[in-house]
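Working through the structure, step by step
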Amino acid sequence: MSMQLLVAVVNQPEKLDDILSGFLELGITGATIINSEGMARVLTHDIPLFAGIQTLISRSRPQNYTIFSVIDDDEKAEAAFAVIQDVCGSLSDPGTGIVFTIPVSRATGVAPELGEESQL
Amino acid sequence: MITVVVSMKLHHYLRPDLVILDLQTEGVESTLRDLLHNLAEHGLIQDEQHALDALLEREAAQSTGIGCGVAIPHAVYPQLSATVIELALSRGGIDFHALDEKPVHTIFLLLSPPNRSSTHIKLLARIARLMRQPEVQQELLNAASAEELIERIRQFDEQHP
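Residues numbered from 1 in each chain as written. Chains lettered and ligands numbered in written order. Predicted model: local features only at pLDDT ≥ 70, side-chain atom pairs only at ≥ 80, totals over all residues. Heavy atoms only, no water.

1. Some words on the overall build of chain A
- The helix and strand inventory of chain A stands at 4 helices and 4 strands.
- Taking all 120 residues of chain A together, the buried fraction comes to 35%.
- Sequence separation of 24 or more characterises 80% of the internal contacts of chain A that already satisfy a separation of 6 or more.
- When the 6 basic and 16 acidic side-chain charges of chain A are each reduced to a single mean position, those positions are 12 Å apart. (Helix = DSSP H or I, 4+ residues; strand = E, 2+ residues; numbered from the N terminus. Buried < 20%, exposed > 50% of the residue type's maximum accessible area, 1.4 Å probe, protein only. Contact = heavy atoms within 4.5 Å. Lys, Arg positive; Asp, Glu negative; His and termini not counted. Charge placed at Lys NZ, Arg CZ, Asp CG, Glu CD.)

2. A closer look at the sheet that holds strand β3 (residues 64-71) of chain A
Residues and elements named next belong to chain A.
- Across the sheet, 4 strands lie side by side as β2-β3-β1-β4; this open sheet has antiparallel pairing. Two strands lie at the open edges of the sheet, namely β2 (32-36) and β4 (97-103), each paired on one side alone. Shown here is a sheet whose adjacent strand axes are inclined to one another by a mean of 15 degrees, direction ignored.
- Relative to β4, strand β1 (residues 4-10) is paired through 7 bridges, and the arrangement is antiparallel. Each bridged residue has a counterpart across the sheet, and for V9 the counterpart in β4 is I98.
- Across the sheet, helix α1 (residues 16-25) is in contact with β1, β2 and β3; its angle to β3 comes to roughly 10 degrees.
- Against the sheet, helix α4 (residues 74-88) contacts β1, β3 and β4, and its axis sits at roughly 10 degrees relative to β1. (Pairing = 2+ DSSP bridges. Axes fitted to C-alpha atoms, helices over the stretch in contact; angles between N-to-C directions.)

3. A closer look at helix α2 (residues 48-61) of chain B
Residues and elements named next belong to chain B.
- In this model α2 runs 20 Å from its N-terminal to its C-terminal C-alpha over 14 residues, within 8% of the 20 Å that 1.5 Å per residue would give.
- When we look at burial in α2, the residues that qualify are A51, L52, A54, L55 and E59. Along the long axis of α2, the arc covered by the buried residues comes to 165 degrees, so they all point the same way. Turned more than 90 degrees away from the buried face of α2 sit E57, A60 and A61, all of them exposed.
- Packing partners of the buried residues in α2 comprise α1 (28-41), β4 (74-76) and β6 (104-112).
- N-capping of α2 is provided by D47, with a side-chain oxygen placed 3.3 Å from the backbone N of Q49. (Expected span 1.5 Å × (residues − 1). Arc of directions from axis to C-beta. Polar contact = N/O pair within 3.5 Å; in protein donor to acceptor, adjacent residues only side chain to side chain.)

4. As for the interface of chain B and chain A
- The partner chain A presents 25 residues to the 23 residues of chain B that form the contact.
- Both faces combined, the contact of chain B with chain A buries some 2100 Å², and carbon together with sulfur accounts for 56% of it.
- For the pair chain B and chain A, the interface holds 4 salt bridges.
- Across the pair R126 of chain B and E25 of chain A runs a salt bridge, and its minimum N-O distance is 2.7 Å.
- Our count for the chain B to chain A interface comes out at 7 residue pairs in polar contact (both at pLDDT 80 or more).
- Residues of the side of chain B that touches chain A, tallied by class, amount to 9 nonpolar, 9 polar and 5 charged. (Buried area = accessible area lost by both parts, 1.4 Å probe. Salt bridge = Lys/Arg side-chain N within 4 Å of Asp/Glu carboxyl O. Nonpolar A, V, L, I, M, F, W, Y, C, P; charged D, E, K, R; others polar.)

Okay, here's the thing in structure tokens:
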């Protein structure tokens, strides 16, 4: 059992509720969610030189979310992967999003697992 | 040690005798009273008023009518030994003061003992995710029996990790 940092870039903002609900179902109670923008969006909107380039525009999304979550074991990280793919569809499809995990050698302040004695 | 992580299976918590296919109430309080009375008749709760007060207190903080015709009233009820879910469908719709102000057609009522909060929260998340599937609510409303309805939810549990 090892700790993993899961990073997910979700290109469908409306899917965020379902992803976080799915995390809760797995007992994952901590994640940081950042409003983010993809490279194509920044290039085509903020850098005049690249405005109007169709290849970039087609990859541009108005908004995405980046989720960070330190997950306390491999199996749970695997299950979180499955939840994201279930909610968003196959991440092999272009423009769906990106998910990866990185082994964490040390962490503090990680949200504890939901306990049955937690306060409702 | 191998840990197997699985999502909460909602159908494990559903029983045909706690499914109401055609609820006839109209408002929040009368609906909750009806549902609690059914639980009392099944011997699951003894103090209907205590449970009602707890549910209404939660509704007063913010409606559990989460939108799209769904409400998930829930509360702690100390005398239970495990989480209980009652599922009710209303053809006519109930004014549940839902967040989107639309009538509610599907109600999942959850009561849990104080020492089952993790289960309670996971089930709330599971129900919310289930009911956001666009086709699910209509499929539930079309179910001809409690068993068919629970079977549809079992299929969802199998399809969605």
